[in-house]
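Close look at the chain arrangement
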Amino acid sequence: MQINTLKGIVALAAVLLTPHAGVAQTPVVAPGASARQAVSGEAVYQERCAQCHEQASGRVPPRTAIQNMTSVRILRTLDFGAMMTVAYPMRRDEREAVARFLGKPDPEPGPRPEAFCRDRTVKLGDLSKSTWNGWSPGPDNSRFVPAALAKLTAAQVPTLKLKWAFGFQGDISAFGQPTVIGNQIFVGSASGMVHALRADTGCLQWVYQANGPIRAAIVAEPLGNSHALLFGDLTGWFYALDAATGKELWKKRPEEHEAVRISAPPLVYNGLVMIPIASWEETRAINPDYPCCTFQGSITALRLRDGTQAWKTYMVPTRAEVTGKTRVGTPTLGPSGVGVWATPTIDLKRRRIYVTTGNNYSRPNTGTSDAVIALDLDTGRILWTRQAMTEDVYNSSCIQATKGPSCPEGNGPDFDFGSPAILVRTSSGRELLLAGQKAGIVWAFDPDKEGAVVWQTRVGQGGINGGVQWGMASDGEQVYATVSDTVITRTASATMLDGTRGGGLTALRIADGAKAWYAAPAPCLATIANCSPAQPAAVTAIAGVVFAGSLDGHLRAYSAKDGTVLWDVDTVREYDTVNGVKAKGGAIDGPGAIVANGMVLVNSGYTRTGGIPGNVLLAFAPGN
Ligand code: HEC
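Report on the accompanying structure. (Residues numbered from 1 in each chain as written. Predicted model: local features only at pLDDT ≥ 70, side-chain atom pairs only at ≥ 80, totals over all residues. Heavy atoms only, no water.)

**Some details on the overall build of the protein**
Along the backbone of the protein there are nine helices and 40 strands. For the C-alpha atoms alone, the extent of the protein along its principal axes is close to 70 × 55 × 55 Å. In the protein, the proportion of contacts linking residues at least 24 apart, taken out of those at least 6 apart, comes to 59%. Measuring between centres, the 58 positive side-chain charges of the protein sit 2 Å from its 52 negative side-chain charges. (Helix = DSSP H or I, 4+ residues; strand = E, 2+ residues; numbered from the N terminus. Contact = heavy atoms within 4.5 Å. Lys, Arg positive; Asp, Glu negative; His and termini not counted. Charge placed at Lys NZ, Arg CZ, Asp CG, Glu CD.)

Written out as structure tokens, the structure is:
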């Protein structure tokens, strides 16, 4: 299609003009290219929406119904709502243009007045105490909650009962990882709303509207006499807010590429905010006219005080250049990919951070994909790289039944790392880096020998959605790994999950990687649509207990000794919420359960891979 090809060239020019730190800047301009032109929302509608929404029938709302929605809501539908899959090949400017063309310019209504607390004061106190602040309660990324923070014992777990439910207005996924500091919670949402709320009652103190969906935990950090809240969104924006008021301190795009997404919390140390940068570009490559690919993953360190850049380290050694053409004549570019999906792990003793990386999107492949990479804590310089798998060159055009033109020859399996490395110490005093790969393998690397492999144990079959996907937990004796292993069937009109396959929780001894026990998944009832026993969500542990969610909507607590189920709650139902929003539970995926100060918090609802929709944050506490 002509329009598309033109857009392709414009996009190509734009990416070729994008600077790459540390590499000489000689802009290469494609023949006939001009500066990026404004995209026509009407043209995008005709090309990508009209075939369904002009002859609307059944579930499909007609164009006139969509025109009654606000542009903001339509954009969210494309970003992480019902039209997410349709929007995968669409660039940011195309999404914004079609939303503006179709929708009303009005803002979305905010929370109801009765959702707010009577006293809206935010009290943070000492951040070294009683906090789950970021991906994990501690800097080792183990997701082990010490007794003083958990304030929940194994004996109390079977008595956990729902204390309150909080609904996310208009969303069909709930995935913002809650941060808990004393009685204070901060949590993002699929609609990009940041909420400050009280842990005991779930009432709101303030809200802040970000540009895009927020999945990553919000990190609170002292700044002057107050605290800054630091987080990124799934459209590549990064924010610092004043914790007391929710007012913006600064806001940046730490990487210029249009398809950037920030999926994990930053690591904050000594006035530096180290941000893991990943992208959506893999899915843009579904469009045969998209010149694939130019995004390059990085850790970008910004200064806490003002958001200016201190350093940036790309996970790919050189900037992308034109490498050839696809079978339909679209330019190919590389090297690309190697996004960073997880929070870095800090090692103060060795003054390093460890970064886990994703796959390449296009050729040439680099020696840095699917790897653990050690960076100097002060400068960001790469010290060593250890690959779990080589030549994993993959993008979403490879998923189609007949591989799309942008799928690289002999493509890889997309077995990258989606979760951070855990720094543990065995009983004999040896330190190890544990990392769970989407291949379904748990690795132990030696931090003193440039990441040499100490052991590796297979815990699942692996797949595009994991294998180990969102992450494991370790109590210093064992590491607990769930697997997704979802089996997905895609047709033109639907994505279906196999209700009998996927899931499983394995406990491995960290000393040697031997299996201690295995808890089999629970197959779904055939009557539940979109149900799957898969367990992609991150695992959490307290002394004696392991918490793991499932796409079947259950959150289960297992005995750390032998894997028996101590507690099991089915979250798939409707809820009366404290903020008066109609809410439902669904699949549990993403950041998993948070345990802090006598409460277990979990998000329910996740449609990204066809799972059961939902829009609720649930808080459980021990009863009698
Ligand atoms: C392949 C068919 C198809 C295409 C193409 C398509 N849609 Fe849809 N759209 C649907 C269906 C089906 C629904 C109803 C979804 C549901 O109820 O879960 C829907 C629902 C919607 C909704 C309402 C969502 C809500 O939360 O209520 C919006 C807005 C929308 N589409 C916008 C778009 C835009 C904008 C495009 C083009 C970029 C588009 N759609 C392309 C099939 C399509």
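Let us keep going from here.
**Side note on the state of the cysteines**
All told, the structure shown has four disulfides when counted by the stated rule. Disulfide partner of Cys 117: Cys 203, at an S-S distance of 2.0 Å. One quick way to see it: the torsion about the S-S bond of Cys 117 and Cys 203 is about 100 degrees, and its sign makes the bridge right-handed. Placement of Cys 117 in the loop between α7 (92-102) and β1 (131-132) and of Cys 203 in the loop between β5 (193-198) and β6 (204-209) is noted, with a sequence separation of 86 residues between them. Residue Cys 203 is classed as buried on the basis of its relative accessible area of 16%. Two residues, Cys 524 and Cys 531, share a disulfide whose sulfurs are 2.1 Å apart. For the disulfide bridge between Cys 524 and Cys 531, the dihedral angle about the S-S bond is near -70 degrees, and by the sign convention the bridge is left-handed. Take Cys 524 and Cys 531: they sit in the same class, and that class is buried. Should the bonded cysteines of the protein be numbered as they appear in the sequence, the pairing reads 1-2, 3-4, 5-6, 7-8. (Disulfide = S-S within 2.5 Å. Buried < 20%, exposed > 50% of the residue type's maximum accessible area, 1.4 Å probe, protein only.)

**Quick look at the coordination of the iron atom of the ligand**
Donor atoms from the polypeptide that bind the iron atom of the ligand are His 53 (NE2) and Met 83 (SD), placed at 1.9 to 2.3 Å. What makes Met 83 partly exposed here is its relative accessible area of 27%. (Donors = N, O, S within 2.8 Å, 3.2 Å for Na, K, Ca; no water.)

**Remarks on the site of the ligand**
Looking at the ligand, there are 16 residues lining it, with Cys 49, Cys 52, His 53, Arg 59 and Met 83 nearest. The contact in question runs from a nitrogen atom of the ligand to an N or O atom on the side chain of His 53, over 2.7 Å. In the environment of the ligand, an oxygen atom lies 3.0 Å from a nitrogen or oxygen atom belonging to the side chain of Arg 59. Taken together, the elements giving at least two residues each to the shell around the ligand come down to α3 (50-53) and α5 (71-80). Ranked by the residues each element gives to the shell around the ligand, the list is headed by α3, at three residues. Residue composition of the shell around the ligand, by class: eleven nonpolar, three polar and two charged. (Near = heavy atom within 4 Å. Polar contact = N/O pair within 3.5 Å; in protein donor to acceptor, adjacent residues only side chain to side chain. Nonpolar A, V, L, I, M, F, W, Y, C, P; charged D, E, K, R; others polar.)

**Let's talk about the side chain of Ser 604**
Considering the arrangement of structural elements, one finds Ser 604 in strand β39 (residues 599-604). Here Gly 586 takes part through its backbone nitrogen, which lies 2.7 Å from a polar atom of the side chain of Ser 604. Apart from residues no more than four positions distant in its own chain, Ser 604 is found in contact with Ala 174, Thr 571, Lys 584, Gly 585, Gly 586, Ala 587, Ile 588, Gly 614, Asn 615, Val 616 and Leu 618.

**Here's the deal with the nonpolar core**
One recurring pattern in soluble globular proteins is that nonpolar side chains are buried together. Counting 45 residues, the largest nonpolar core has Val 157, Trp 164, Ile 542, Phe 547, Trp 567, Val 600 and Leu 601 as the members making the most contacts within it. Top contributing element to this core by residue count: strand β40 (residues 616-622), with six residues. Those residues within four positions of Val 157 in sequence are excluded, and the remaining contacts are Leu 152, Ile 542, Val 545, Phe 547, Ala 557 and Trp 567. Of all hydrophobic cores here, the second largest spans 20 residues; its members include Phe 238, Ile 262, Tyr 290 and Cys 292. (Core = buried A, V, L, I, M, F, W, Y, C linked by side-chain atoms within 4.5 Å.)

**Considerations on the sheet that holds strand β7 (residues 219-223)**
Sheet strands associate in pairs through backbone hydrogen bonding, adopting either a parallel or an antiparallel arrangement. Spatial strand order, β7-β8-β9-β10: four strands in an open sheet with antiparallel pairing. Among the strands making up the open sheet, the edge pair consists of β7 and β10 (248-252). On average, each strand axis in the sheet is tilted by 20 degrees relative to the strand beside it, whichever way the strands run. Pairing of β7 with strand β8 (residues 226-232), which is carried by five bridges, proceeds in the antiparallel orientation. Residue pairing for β8: Val 219 is matched across the bridge by Leu 230. (Pairing = 2+ DSSP bridges. Axes fitted to C-alpha atoms, helices over the stretch in contact; angles between N-to-C directions.)

**Brief notes about the pairing of strand β25 (residues 452-458)**
Relative to β25, strand β24 (residues 441-446) runs antiparallel, the two sharing six bridges. Looking at the pairing, Trp 443 lines up with Gln 456 of β25. Counting the residues in the hairpin turn of β24 and β25 gives five residues, including Glu 450, whose phi is positive at 50 degrees.

**Thoughts on the pattern of salt bridges**
Taken as a whole and judged by the stated rule, the model has 27 salt bridges. Among the salt bridges present, the one from Asp 93 reaches Arg 91, with a minimum N-O distance of 3.1 Å. This pair shows no difference in class: Asp 93 is buried, exactly as Arg 91 is. Across the pair Asp 306 and Arg 305 runs a salt bridge, and its minimum N-O distance is 4.0 Å. (Salt bridge = Lys/Arg side-chain N within 4 Å of Asp/Glu carboxyl O.)

**Things to note about the side chain of Ser 362**
Inspection of the secondary structure assignment puts Ser 362 in the loop between β19 (352-356) and β20 (371-376). With a relative accessible area of 5%, Ser 362 lands in the buried category. A distance of 2.5 Å separates the side chain of Ser 362 from the backbone oxygen of Leu 333, its partner in a polar contact. Polar side-chain contacts of Ser 362 include one of 2.6 Å to the side chain of Ser 336. Look past the residues within four positions of Ser 362 in its chain and what remains in contact with it is Cys 292, Cys 293, Leu 333, Gly 334, Ser 336 and Val 393.

**Looking at the sheet that holds β5**
Across the sheet, which stays open at both edges, the five strands sit in the order β1-β3-β4-β5-β6 with antiparallel pairing between neighbours. With one partner strand each, in any of the chains shown, β1 and β6 form the two edges of the open sheet.

**Quick notes on the packing of aromatic side chains**
Inspection of the entire model under this criterion finds 17 aromatic pairs. Taken together, a centroid distance of 6.4 Å and an interplanar angle of 35 degrees make the contact between Tyr 88 and Trp 280 tilted. Remark: Trp 280 occurs in the loop between β13 (272-279) and α9 (281-284) and Tyr 88 occurs in the loop between α6 (84-87) and α7; sequence separation between them is 192 residues. Like Trp 280, Tyr 88 is buried. Ring geometry for Phe 231 versus Tyr 239: centroids 4.9 Å apart, planes at 15 degrees, classification stacked. Using a relative accessible area of 0% as the deciding quantity, one classes Tyr 239 as buried. Among the aromatic residues, ring-to-ring pairing joins Phe 80, Tyr 88, Phe 175, Trp 280 and Tyr 606 into one connected group. In this arrangement the basic side chain of Lys 251 is found over the ring face of Trp 237, its NZ or CZ atom lying 5.2 Å from the centre. (Phe/Tyr/Trp six-rings, centres within 6.5 Å; stacked < 30°, edge-to-face > 60°. Lys NZ or Arg CZ within 6 Å of the ring centre and 35° of its normal.)

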